[in-house]
Amino acid sequence: MSNTREDILELIEEEDVKFIRLQFADFFGVLRNIAITEGQIEKALDGHCYIDGHHIRGAKELGLRRIYLIPDIDSFGILPWRPQHGKVGRFLCDLADEEGNLITESPRYILRETLKRAAEKGLSIELNPECEFFLFDTDEEGLPTTNTKESAYYLDMAPLDSGENARRDIIYALEDLGFEMESSHHEDAPAQHAVSFQKATGVIMADQILTLRNTVRSIAGRHGFHATFMPKPRADFPGSAMALNAACQDGFHDWFTDTTDPHGLSETGKQFLSGVLTHMEGAIAIANPIVNSYKRTKDRFSDSKGIFWSKDNYKAPVIVSHNEAGRTVIEWEMPDGATNPYLNIAYLVAAGLEGIEKKLDLPEADSSVGQIPETLCDALQAFSDDTFFENLYGKRYTEVYISEKMKEWESYAREVTDWEVRTYLARI
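First things first, this report covers the structure right here in the doc. (Residues numbered from 1 in each chain as written. Predicted model: local features only at pLDDT ≥ 70, side-chain atom pairs only at ≥ 80, totals over all residues. Heavy atoms only, no water.)

The next thing to look at is the overall build of the protein. A count of helical and extended segments in the protein gives 13 helices and 16 strands. Against the 2.2 N^0.38 benchmark of 22 Å for 428 residues, the protein shows a C-alpha radius of gyration of 22 Å, consistent with a compact globule. In terms of overall dimensions, the protein has C-alpha extents of about 60 × 60 × 45 Å along its principal axes. Within the protein, the proportion of its 428 residues that are buried is 53%. Once local pairs closer than 6 in sequence are excluded, the contacts in the protein between residues at least 24 apart make up 70%. (Helix = DSSP H or I, 4+ residues; strand = E, 2+ residues; numbered from the N terminus. Rg over C-alpha atoms; globule rule 2.2 N^0.38 Å. Buried < 20%, exposed > 50% of the residue type's maximum accessible area, 1.4 Å probe, protein only. Contact = heavy atoms within 4.5 Å.)

Okay, structure coming up:
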């Protein structure tokens, strides 16, 4: 049910909301915000609150001096971990320029436009993410570490799982924000946790992923932990993923499922999957967007390092499975916790849509059609070489993305790491 402006104003008064955070995803999927008082809510709802774009990564390069925040009324929520007297509310916002035009390079805008194209074809992609993260100890000054005192592993309980109470409070907070939670548990490594929530479509799901990250960090801090979605924070622990499970249904019609097919895939499902595989090498620059991402991919996909789909191989980048209702689900295993969910989902939908439109043939199961890039630099080259991404994200955005991410890579390449010192200092 959609909210109206009057609904929001009434709720703010009834709930004694004194501060409102105008949150937005920046051009690299980082959640940012400004806070206003309740007295400024009318101004905010009129779209008159703005930020200085020169301090936002990517905005200056896009020529955006002043960026206006346009609240999405349906995204309003009250932050449950903030004070209950003089409460704090939040909106997720779209971005507009000084002329009032929505900024087409905004990841949220890109996703919305991609979903419109899919809707024109009758496709509504339902997504169910599986989000993993670590709850590490902090030091005596409250600063983050990669240390943990626990020894829990997959599905362990307290007292082995020292983060159980924090995870429970995270679930409560997410439910207060309107999430329909599915499950949560301890993951494969000490201090590693996973949560999954009920399926949703497009922009709502991307918004929820950003909200999840903010909620996990906020609640973890109250329990004395530092929460991180860093893909591979320790070499001796498995990495953290943000896998996306995609299904497709329009009313009573399931677009991906054919029970007469050996793999349970319909022709549409095969075409969709083929499209995802076709552009995956470049998409890894979005799904795995930081230098550290490739420490995880080398471990997680170590068996073949190939781009392929499978029904049985856990190491496959894409797995075809079936949910409890017997519907076929396409599981994209590549994304990690650093990914920009708006761009990530836009890729999955747009690539699948192209596969349907072009009626692409699906390669045989477990048959490699490419290689997972070894580094962020390699992934950016594949991203740059594939014109699909320029068409999807826009020429200006792809140029800025490549430029900014290459700066990250070059900064990393100049660093002298602890490994180099340990390996070479005494020998050479």
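Between its first and last C-alpha, helix α9 (residues 341-357) extends 24 Å over 17 residues, near the 24 Å set by a 1.5 Å rise per residue. Counting buried positions over the 17 residues of α9 gives 16, a clear majority of the element. N-cap assignment for α9: the residue whose side-chain oxygen lies 3.1 Å from the backbone N of Tyr342 is Asn340. Just beyond α9, the residue with positive phi is Lys359, at close to 50°. (Expected span 1.5 Å × (residues − 1). Polar contact = N/O pair within 3.5 Å; in protein donor to acceptor, adjacent residues only side chain to side chain.)

Phe27, Met280, Tyr347 and Tyr393 are the most contacted members of the largest nonpolar core, which totals 113 residues. With 11 residues, the top contributor of residues to this core is α9. Contact partners of Met280, with chain neighbours within four places excluded, come to Ile307, Pro317, Val318, Trp332, Met334 and Tyr347. Counting residues in hydrophobic clusters, the runner-up holds 5 residues, among them Phe136, Ala189, Ala191 and Phe237. (Core = buried A, V, L, I, M, F, W, Y, C linked by side-chain atoms within 4.5 Å.)

Attention now goes to a negative patch on the surface. A contiguous patch of negative charge on the surface is contributed by Glu6, Asp7, Glu10, Glu13 and Glu14. Summarising the element assignment, Glu6 is placed in helix α1 (residues 5-14). (Patch = residues over 30% accessible without salt bridge, like charges linked within 9 Å, V, L, I, M, F, W, Y side chains within 5 Å. Areas by Shrake-Rupley, 256 points an atom, 1.4 Å probe, with all protein chains shown as cover. Salt bridge = Lys/Arg side-chain N within 4 Å of Asp/Glu carboxyl O. Lys, Arg positive; Asp, Glu negative; His and termini not counted. Charge placed at Lys NZ, Arg CZ, Asp CG, Glu CD.)

As a general feature of sheets, a regular strand has side chains that alternate between the two faces. With 3 bridges connecting them, strand β3 (residues 50-52) and strand β4 (residues 66-71) associate as antiparallel partners. Paired with Asp52 across the two strands is Arg66, which belongs to β4. In terms of strand pairing, β4 meets strand β6 (residues 87-96) through 4 bridges, oriented antiparallel. Looking at β6, one finds that Ile70 is bridged to Asp94. (Pairing = 2+ DSSP bridges.)

A side chain of one charge can pair with a side chain of the opposite charge if their charged atoms are brought near each other. Per the counting criterion, the structure on display carries 32 salt bridges. In this structure, the salt-bridge partner of Arg5 is Asp46, at a minimum N-O distance of 3.0 Å. Separated by 41 residues along the polypeptide, Arg5 in helix α1 and Asp46 in the loop between α2 (41-45) and β3 bring together distant segments of the chain. Across the pair Asp207 and Arg108 runs a salt bridge whose closest N-O atoms are separated by 2.6 Å. Remark: Arg108 occurs in helix α3 (residues 107-120) and Asp207 occurs in helix α5 (residues 202-222); sequence separation between them is 99 residues. Here Asp207 and Arg108 have matching classes, each one buried. One salt-bridge network, held together by shared partners, links Arg57, Glu404, Lys405, Lys407 and Glu408.

It is worth spelling out a nonpolar patch on the surface at this point. Residues Tyr153, Tyr154 and Leu155 make up a contiguous nonpolar surface patch of roughly 340 Å² in combined accessible area. By secondary structure assignment, the location of Tyr153 is in the loop between β7 (125-137) and α4 (164-176).

As defined by bridge partners, strand β1 (residues 17-25) adjoins strand β2 (residues 31-37) across 7 bridges and the pair is classed as antiparallel. Across the sheet, Leu22 pairs through a bridge with Ile34, a residue of β2. Hairpin connection from β1 to β2: 5 residues lie between these consecutive antiparallel strands, with Gly29 at a positive phi of about 80°.

Per the stated rule, a full pass over the model turns up 3 cavities of 30 Å³ or more. Estimates place the volume of the largest cavity at around 60 Å³. Every residue lining the largest cavity is listed: Thr297, Lys298, Phe301, Lys305, Ile372, Pro373 and Glu374. By residue class, the composition of the lining of the largest cavity is 3 nonpolar, 1 polar and 3 charged. (1 Å grid on protein atoms, 1.4 Å probe; cavity = no way out; pocket = protein on both sides within 12 Å on 5 of 7 lines; lining within 4 Å. Points joined across faces, edges and corners; volume = space filled by probe spheres on them. Nonpolar A, V, L, I, M, F, W, Y, C, P; charged D, E, K, R; others polar.)

So, about the packing of aromatic side chains. Each aromatic ring pair is characterised by the separation of its centres together with the angle its planes make. The final tally for this structure, using the stated rule, is 20 aromatic pairs. With centroids separated by 5.6 Å and ring planes inclined at 45°, the aromatic side chains of Trp409 and Tyr412 adopt a geometry described as tilted. Of this pair, Trp409 and Tyr412 are both found in helix α12 (residues 395-414), 3 residues apart, which corresponds to roughly one turn of the helix. Grouped by ring-pair contacts, the aromatic residues Phe28, Trp332, Tyr347, Phe383, Phe388, Phe389, Tyr393, Tyr397 and Tyr401 constitute a single cluster. (Phe/Tyr/Trp six-rings, centres within 6.5 Å; stacked < 30°, edge-to-face > 60°.)

Turning our attention to the layout of surface pockets. The computed volume of the largest pocket comes to approximately 890 Å³. Residue lining of the largest pocket: 40 residues in total, with Glu130, Ala243, Asn245, Glu331 and Glu333 positioned closest to the centre. It is β7 that contributes the most residues to the lining of the largest pocket, 5 residues altogether.

Interpretation in functional terms is not warranted from these geometric data alone.
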